[in-house]
Amino acid sequence: MNTNSRQDDAGAPSREGIGAELVARAVALQPLLRDQAARGESDRVLPVEVVDALTDAGVFRLLTPRRYGGYETDLRTLTDVSEALGEGDGSAAWVGMIIAVTNWMACLFPDKAQEEVFGADADARVTGVAAPTGVGERVPGGWRVSGRWSYNSGAPYATWAAVGALLKDESGAVVDQALVLIPASELAIEDTWRTAGMKATASNTLIGQDVFVPEHRVLSVPAAAEGVYPRTSLDETLYASTFGSMLLLCLVGPLLGLGKAALKVAVDAAADKPLSFTVHSRQADSVGVQTKLAEAALKLETARLHTYRAVAEVDQAAASGGPLDYAARAHVRARAGFAAQHVLDAINTLLNVHGASSFADAAPLQRIWRDANVAARHAGLVPEIGLEVYGKSLLGISDRVSLML
């Protein structure tokens, strides 16, 4: 532990000091992540060395309770850390973020489920798919669940999975939409993640057939969306965080890091790279290049300002003991998608500045571009949905478009 971290009255590092140290650890991982990025792409899975480094840096414990050996930080720290990791490699940042935030989600389940996940393994890694592509049928003591769950990032390294299911009663009627916790060992993985970007996230498909899920490992999504969690109320403000806003905003951190990495590549290259078919022996002397770099930098700054202002609202609401209201949640969803689009716009501008060499196999910009474009297509970041939800809220229209708010 960094002895220079600010100390609280009890002599332990403060929440801010722990957060700063965790971010510093993430920054220190950037050379390793850059070095291993091409290998991860080729193998279509993060190298074990990267996963071990993320574990040692405490990334997977960011949002798990201190009572289980976690850091129990906040959304701000998760965003800072995943942004720093994203500067090194988008896939590593995405997997680190997904596991950290799904570990948080596992802590919203009843206490017995939390104990099963983290009590015997402080380094438990929960991954998840919220889409309700499974079905649960009522049986004594719980549910019998079957389904296929696609895009489960970090699947090869998961110890548990939180997956979506429609729960049906004895007559076959749907009575709830839920997330259910299942040990990874009880699910099969089908290798389906063959994509243009984010290749090393290994976001493959989980398959379960007649898996028994006891009642204490079920979380109602409609209830959670309104801030009703079945966990015992403890003095742990992190777990009062707004459900949908947490699960949406966390997606932007890796994108911010990818944008920052792209800007650095383009700026560094401009100092020496000639601007072909012009009088400029280096790009940096061109007014056109100067203005485009400034435009991209401001778009990234806009994305970051929207993201971190929304993150602060989520953390402040949690500290106050309650979730954000519907209007605030709608605003958060709109800003998440809006920020993601600004990152994409900035990266496109930077590729235009850097030129055709951006697309060389060995060039980092082409991987950044591919990774960002895949990540920003996550269903939670679709800008049109966010704008529709926010616009309806502004107009007082009560139609519910999504539970993920």
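Residues numbered from 1 in each chain as written. Predicted model: local features only at pLDDT ≥ 70, side-chain atom pairs only at ≥ 80, totals over all residues. Heavy atoms only, no water.

Participant: Can you explain the pairing of strand β2 (residues 142–152)? Please cite residues and give values.
Facilitator: Inspection of the sheet shows strand β1 (residues 126–139) paired to β2 by six bridges, in the antiparallel sense. Across the sheet, the residue bridging to Gly 136 is Val 145, located in β2. Here β1 folds back onto β2 in antiparallel fashion, the turn holding two residues, of which Gly 141 has a positive phi close to 85°. In this structure, β2 lies alongside strand β6 (residues 204–214), joined through eight bridges in antiparallel fashion. Bridge pairing links Trp 143 to Val 213 in β6. (Pairing = 2+ DSSP bridges. Helix = DSSP H or I, 4+ residues; strand = E, 2+ residues; numbered from the N terminus.)

Participant: Help me get a handle on the pattern of salt bridges, residues and values and all.
Facilitator: All told, the structure shown has 28 salt bridges when counted by the stated rule. Salt-bridge contacts for Glu 83 lead to Arg 304; the nearest nitrogen and oxygen are separated by 3.0 Å. With Glu 83 in helix α4 (residues 75–88) and Arg 304 in helix α10 (residues 287–319), this pair connects stretches of sequence that are 221 residues apart. Glu 226 is the salt-bridge partner of Arg 400, the closest N and O atoms lying 3.4 Å from each other. Linking Arg 400 in the segment after α13 (383–395) with Glu 226 in the loop between α7 (221–225) and α8 (243–249), this pair joins segments that are 174 residues apart in sequence. You can call Arg 400 partly exposed: its relative accessible area is 39%. (Salt bridge = Lys/Arg side-chain N within 4 Å of Asp/Glu carboxyl O. Buried < 20%, exposed > 50% of the residue type's maximum accessible area, 1.4 Å probe, protein only.)

Participant: Explain the packing of helix α2 (residues 30–43) against α4 to me, using residue names and the numbers behind them.
Facilitator: Two numbers describe how α2 lies on α4: the axes approach to 7 Å, and their chain directions differ by 45°. Compared by their axis directions, α2 and α4 come out oblique. When you trace α2 past α4, the crossing you get is right-handed. Packed against α2, whose contacting residues are Gln 30, Leu 33 and Arg 34, the element α4 presents Ala 84, Leu 85, Glu 87 and Gly 88 at the interface. (Axes fitted to C-alpha atoms, helices over the stretch in contact; angles between N-to-C directions. Parallel < 35°, antiparallel > 145°, perpendicular 65-115°, else oblique. Left-handed = near helix turned anticlockwise from the far one by under 90°. Contact = heavy atoms within 4.5 Å.)

Participant: Which residues make up empty space enclosed by the protein, and what values go with them?
Facilitator: In the structure shown here, the tally under the stated rule is one cavity of 30 Å³ or more. Here the largest cavity defines a volume of roughly 40 Å³. As for the largest cavity, its lining consists of Leu 33, Gln 36, Ala 37, Gly 40, Leu 46, Pro 47, Val 50, Asp 89 and Ala 200. A total of four residues in the lining of the largest cavity trace back to one element, the largest contributor, which is α2. (1 Å grid on protein atoms, 1.4 Å probe; cavity = no way out; pocket = protein on both sides within 12 Å on 5 of 7 lines; lining within 4 Å. Points joined across faces, edges and corners; volume = space filled by probe spheres on them.)

Participant: I'd like to hear about the environment of Leu 403, residue by residue, with values.
Facilitator: Note that Leu 403 resides in the segment after α13. On the basis of relative accessible area, Leu 403 is assigned to the partly exposed category, the value being 28%. The residues contacting Leu 403, other than those within four sequence positions of it, are Gln 177, Val 221, Pro 222 and Ala 225.

Participant: A description of the nonpolar core should follow, citing residues and the corresponding values.
Facilitator: Membership of the largest hydrophobic core comes to 101 residues, with the highest contact counts inside it found for Trp 104 and Phe 243. The element that contributes the greatest number of residues to this core is helix α5 (residues 90–106), accounting for 12 residues. Setting aside its immediate chain neighbours within four residues, Trp 104 contacts Leu 63, Tyr 229, Leu 238, Tyr 239, Ser 241, Thr 242, Phe 243, Met 246 and Leu 247. Core analysis: the next-biggest nonpolar cluster, separate from the first, contains 17 residues, Ala 165, Val 180, Ile 182 and Leu 187 among them. (Core = buried A, V, L, I, M, F, W, Y, C linked by side-chain atoms within 4.5 Å.)

Participant: I'd like a rundown of a nonpolar patch on the surface, residues and numbers included.
Facilitator: The grouping of Leu 394, Leu 395 and Ile 397 at the surface amounts to a nonpolar patch, some 330 Å² of accessible area in total. Looking at the element boundaries, Leu 395 is found in helix α13. (Patch = residues over 30% accessible without salt bridge, like charges linked within 9 Å, V, L, I, M, F, W, Y side chains within 5 Å. Areas by Shrake-Rupley, 256 points an atom, 1.4 Å probe, with all protein chains shown as cover.)

Participant: Could you give me a rundown of the sheet that holds strand β5 (residues 188–190), with the residues and numbers involved?
Facilitator: Read across the open sheet, the seven strands follow the order β5-β6-β2-β1-β3-β4-β7; overall the sheet is mixed. One side of each edge strand has no neighbouring strand; the edge strands of this open sheet are β5 and β7 (218–220). Going from strand to strand, the sheet's axes swing by 25° on average, the running direction of each strand aside.

Participant: Outline helix α3 (residues 48–56), listing residues and values.
Facilitator: All of the buried residues in α3 are Val 50, Val 51, Ala 53, Leu 54 and Thr 55. Check the buried side of α3 and you find it contacts α2, α4 and α5. Two residues or fewer after α3 comes Gly 58, characterised by a positive phi angle close to 85°.

Participant: Which residues make up the state of the cysteines, and what values do they have?
Facilitator: Counting across every chain of the model gives zero disulfides. Cysteine Cys 107 is unpaired, with the sulfur of Cys 250 as its nearest cysteine sulfur at 15 Å. Among the residues examined, Cys 107 registers a relative accessible area of 0% and is labelled buried. You can call Cys 250 buried: its relative accessible area is 2%. (Disulfide = S-S within 2.5 Å.)

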